Amino acid sequence: MAEDKSKRGSAGLYAKEGQTNNGFVQNEDILETDLDPSSPAGGPQHNTVDVLGPGEPDVKDVRPYAGMPKEVLFQFSGQARYRIPRQVLFWLTVASVLVLIAATVAIIAISPKCLDWWQAGPMYQIYTRSFKDSNKDGNGDLKGIQDKLDYITTLNIKTVWITSFYKSSLKDFRHGVEDFREIDPIFGTMKDFENLVAAIHDKGLKLIIDFIPNHTSDKHAWFQWSRNRTGKYTDYYIWHDCNYENGITIPPNNWLSVYGNSSWHFDEVRKQCYFHQFTKEQPDLNFRNPDVQEEIKEIIQFWLSKGVDGFSFDALQFLLEAKHLRDEVQVNKTQIPDTVTHYSQLHHDFTTTQVGMHDIVRSFRQTMNQYSREPGRYRFMGTEAHGESITKTMVYYGLPFIQEADFPFNNYLSKLDKPSGNSVFEVITSWMENMPEGKWPNWMTGGPDNVRLTSRLGEKYVNIMNMLVFTLPGTPITYYGEEIGMRNILTANLNETYDVGTLFSKSPMQWDNSSNAGFSEGSHTWLPTSSDYHTVNVDVQKTQPRSALKLYQELSLLHANELLLSRGWFCYLRSDNHSIMYTRELDGINRVFLMVLNFGESSLLNLKEMISNIPTRVRIRLSTNSAYSGREVDTHAVTLASGEGLILEYNTRNLLHSQTAFKDRCFVSNRACYSRVLNILYSLC
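What you see is a predicted model; the values in this text were computed from it and never measured.

Student: So what exactly am I meant to see when it comes to the pattern of salt bridges here?
Tutor: Side-chain pairs of opposite charge can arise whenever the charged atoms involved come near each other. This model, assessed by the stated rule, comprises 24 salt bridges. Of the charged contacts, one joins Glu295 and Lys232 as a salt bridge, the two residues approaching to 3.9 Å between their closest N and O atoms. Of this pair, Glu295 sits in helix H10 (residues 290–305) while Lys232 sits in the loop between helix H9 (221–227) and strand S8 (239–240), and the two are 63 residues apart along the sequence. One salt bridge in this structure joins Asp406 and Arg365, with 3.1 Å as the shortest N-O distance. With Asp406 in the loop between strand S16 (402–403) and strand S17 (407–408) and Arg365 in helix H11 (residues 357–369), the pair connects residues that are 41 residues apart, well separated along the chain. Accessibility classification places Asp406 together with Arg365 in one group, the buried group. Linked through salt bridges whose partners overlap, the residues forming this network are Glu562, Arg591, Arg619, Arg621 and Glu649.

Shown next as structure tokens:
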């Protein structure tokens, strides 16, 4: 009986004149003292109302309390005042989740593709041997690059591009590779390279490297095995019978080397001629041999596994030659055949851009895609096709559903030798008009094989050319030293038998006005430093508010922070022999950047006549003359000195790309619009 009372007591409620339990224990000590020690069941000393009696439970006058048994809980949970709010909350939760999922899907669906790392900021090309010497031997090296990464980050660079560093002879500046898997001792060790990769990634940067798969050095093990007809290596190179009498080779045809004279050379060991598009020390690989293609694939995989973020593939147009050996057609058909010795004297229809060449390039892309599956680790592929027409260059972008290069490197600005608005305009529009829809452009003003910008155009055009590449759509690419206006050296101290002219643009980087321009602490350098290094160097310019380096840093920062420059439309307004004008604008942003660049004599421009809705006064966001930055200018009369450039900023809702008159004069790679309310980009404009 006592046990039954205990069970019933646990389900009881205090009577109205006693304590009421509202779900909280008010004072446990009081409850304990209220117990009558003489009670056999230890029950409370007050009356209770039996809730779970033998009849129907009565809960009308009962309130929920802590510790209710499930039988009582079920009685309350079924009541409308508890059931309905619970159901309302459940369905509100379901609806909220569905709305959140729908909003997420919608945002993803309408969002444009994010810019990848190779699109988001400038690339900085380093000629390894000339950047920084860390061991006093007069040659730049990998450790030297690592030592200067802090400087590179001050330029707001996103990608470091270093030239060939593979083990090789000095011929053609390290392009005759003896071993694609080894670092040349001049540049350091594999450990140095691995440390450099880690340091670059620690800085939030990416690394791309040069790779020329077309040929090797004649000292490469493959060539030694091939000339001895060893196993599968027998046909790793292009061999053919030829006549060799009294020290004179009679080649199979009239094909010429890029450096002149026959592209066939007789090998005393194999007693055949091998083919070389460049020097005789650089025999061409036979890419019609599947084993060769597999070897190159494994080399690509080797460097990708080392952490490299991409490649610049060079000389790809030379990968295949015609299977037949017919003579190439002379440019001047009346010229005596025996006197045709210069590369430019033939039409190279059988030795460049052959059918199947782009299939090989696509196979490179497929190999790199295997390493691009991890988020944030996309592997970039660029191609260099020097001397190709604009039409052939564009083919390297690939087809709509078959990808090749992310972009072929655009070196057309690097070839300009006479500054004018019309010539610059022609380079820009030829690329933009021929580029396949949705592809990404790029712009470079210099490179290892081109005359430096200062020597080519003049010192006063350094700033305006840097302003040009940072305000055009696409990726700006800077050759080391262009940010401070380095010029070609006048003499070189190397005795080479081929294009020595390209040495002059490879002089040591000018860091300060100390000995050897701060490039090396050694007693000599592999090339002499430029004579102007006392005034044209990083140390001097970083303290000068109007230096080329300061403007470069301001331009790169503006490029990084402005959607107008990274995602906006490009609309060109006009060009003449003196100046070029274009705008950058984006739907949803009621601001426009107007670039006015003067490559000719001093000019007076009336912008009001060219752009009807431009305000009378506009702000100078940046100028090649930093004293003008931040000022306002009257658009009726804008005066520009020779070599001066302005980035003007003004507000307008009437964007040019939406006007019929500019329909064919505006370009955008990946169209996007900006929502000021949500602060997002979307593609359904």
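The discussion continues.
Student: Would you take a moment to explain the environment of Trp161 for this structure?
Tutor: Residue position: Trp161 is located in strand S4 (residues 159–162). The buried category is assigned to Trp161, whose relative accessible area is 0%. Sequence separation of Trp161 and Tyr480 is 319 residues, and the distance between their C-alpha atoms is 10.0 Å. The residues touching Trp161, leaving out its near neighbours within four places in the chain, are Tyr124, Gln125, Ile126, Ile208, Asp210, Ser312, Glu384, Phe409, Met444 and Ile477. Only 2.8 Å separates the side chain of Trp161 from the side chain of Asp210, close enough to count as a polar contact.

Student: I would appreciate a short explanation of helix H17 (residues 548–561) in the present structure.
Tutor: Because each turn of an α-helix spans 3.6 residues, side chains separated by three or four positions end up pointing in the same direction. Relative to the 20 Å expected for 14 residues at 1.5 Å per residue, H17 spans 20 Å between its end C-alpha atoms, a close match to the ideal helical length. Taken as a whole, H17 has its buried residues at Ala548, Leu549, Leu551, Tyr552, Gln553, Leu555, Ser556, Leu558 and His559.

Student: Honestly, the pairing of strand S7 (residues 206–211) in this entry has me stumped. Any pointers?
Tutor: S7 sits mainly inside the fold: six of its six residues count as buried. Across four bridges, S4 lies against S7 in parallel orientation. Pairing of Trp161 across the sheet is with Ile208, part of S7. Looking at chain direction, S7 and strand S13 (residues 310–314) are connected through four bridges and run parallel. By the bridge assignment for S13, Ile209 is matched with Phe311.

Student: Any chance you could explain the side chain of Asn488 here in plain terms?
Tutor: Looking at the secondary structure, you find Asn488 in the loop between strand S19 (475–479) and helix H16 (538–541). The class of Asn488 is buried, set by a relative accessible area of 10%. In this structure the side chain of Asn488 is engaged in a polar contact, spanning 3.0 Å, whose partner is the backbone nitrogen of Arg452. In contact with Asn488, not counting residues within four places along its chain, are Val451, Arg452, Ser455, Phe504 and Ser505.

Student: Would you mind going over the state of the cysteines with me for this structure?
Tutor: A disulfide bridge is the covalent bond that connects two cysteines by way of their sulfur atoms. With the rule as written, the count across this model stands at two disulfides. Disulfide pairing places Cys571 opposite Cys666 at an S-S distance of 2.0 Å. Handedness here is read from the sign of the S-S torsion; for Cys571 and Cys666, about 120 degrees, the answer is right-handed. Note that Cys571 is positioned in strand S20 (residues 569–575) and Cys666 in strand S28 (residues 666–667), a separation of 95 residues in sequence.

Student: Could you clarify how one ought to interpret the UniProt feature "transmembrane region" (unreviewed entry) in the chain in this entry?
Tutor: UniProt records the feature "transmembrane region" (unreviewed entry) for residues 88–110 in the present numbering. Taken end to end, residues 88–110 is 100% helix and 0% strand, and its first and last C-alpha atoms sit 32 Å apart.

Student: Would you take a moment to explain the packing of aromatic side chains for this structure?
Tutor: Pairs of aromatic rings are described using the distance from one ring centre to the other and the angle between the two planes. Taken as a whole and judged by the stated rule, the model has 51 aromatic pairs. Considering the side-chain rings of Tyr151 and Trp511, the 5.1 Å spacing of their centres and the 85 degrees angle between planes classify their relative orientation as edge-to-face. Residue Tyr151 is found in helix H7 (residues 149–154), and its partner Trp511 is found in the loop between S19 and H16; the two are separated by 360 residues along the sequence. Take Tyr151: its relative accessible area is 10%, and that puts it in the buried class. For the ring pair Phe165 and Tyr166, a centre distance of 4.9 Å and an interplane angle of 40 degrees mean the geometry is tilted. We note that Phe165, like Tyr166, is buried. When the ring centre of Tyr480 is taken as reference, the NZ or CZ atom of Arg452 above it lies at 4.7 Å.

Rules of the game
Residues numbered from 1 in each chain as written. Predicted model: local features only at pLDDT ≥ 70, side-chain atom pairs only at ≥ 80, totals over all residues. Heavy atoms only, no water. Salt bridge = Lys/Arg side-chain N within 4 Å of Asp/Glu carboxyl O. Helix = DSSP H or I, 4+ residues; strand = E, 2+ residues; numbered from the N terminus. Buried < 20%, exposed > 50% of the residue type's maximum accessible area, 1.4 Å probe, protein only. Contact = heavy atoms within 4.5 Å. Polar contact = N/O pair within 3.5 Å; in protein donor to acceptor, adjacent residues only side chain to side chain. Expected span 1.5 Å × (residues − 1). Pairing = 2+ DSSP bridges. Disulfide = S-S within 2.5 Å. UniProt positions renumbered as here; feature names shortened; annotations may be inferred. Phe/Tyr/Trp six-rings, centres within 6.5 Å; stacked < 30°, edge-to-face > 60°. Lys NZ or Arg CZ within 6 Å of the ring centre and 35° of its normal.

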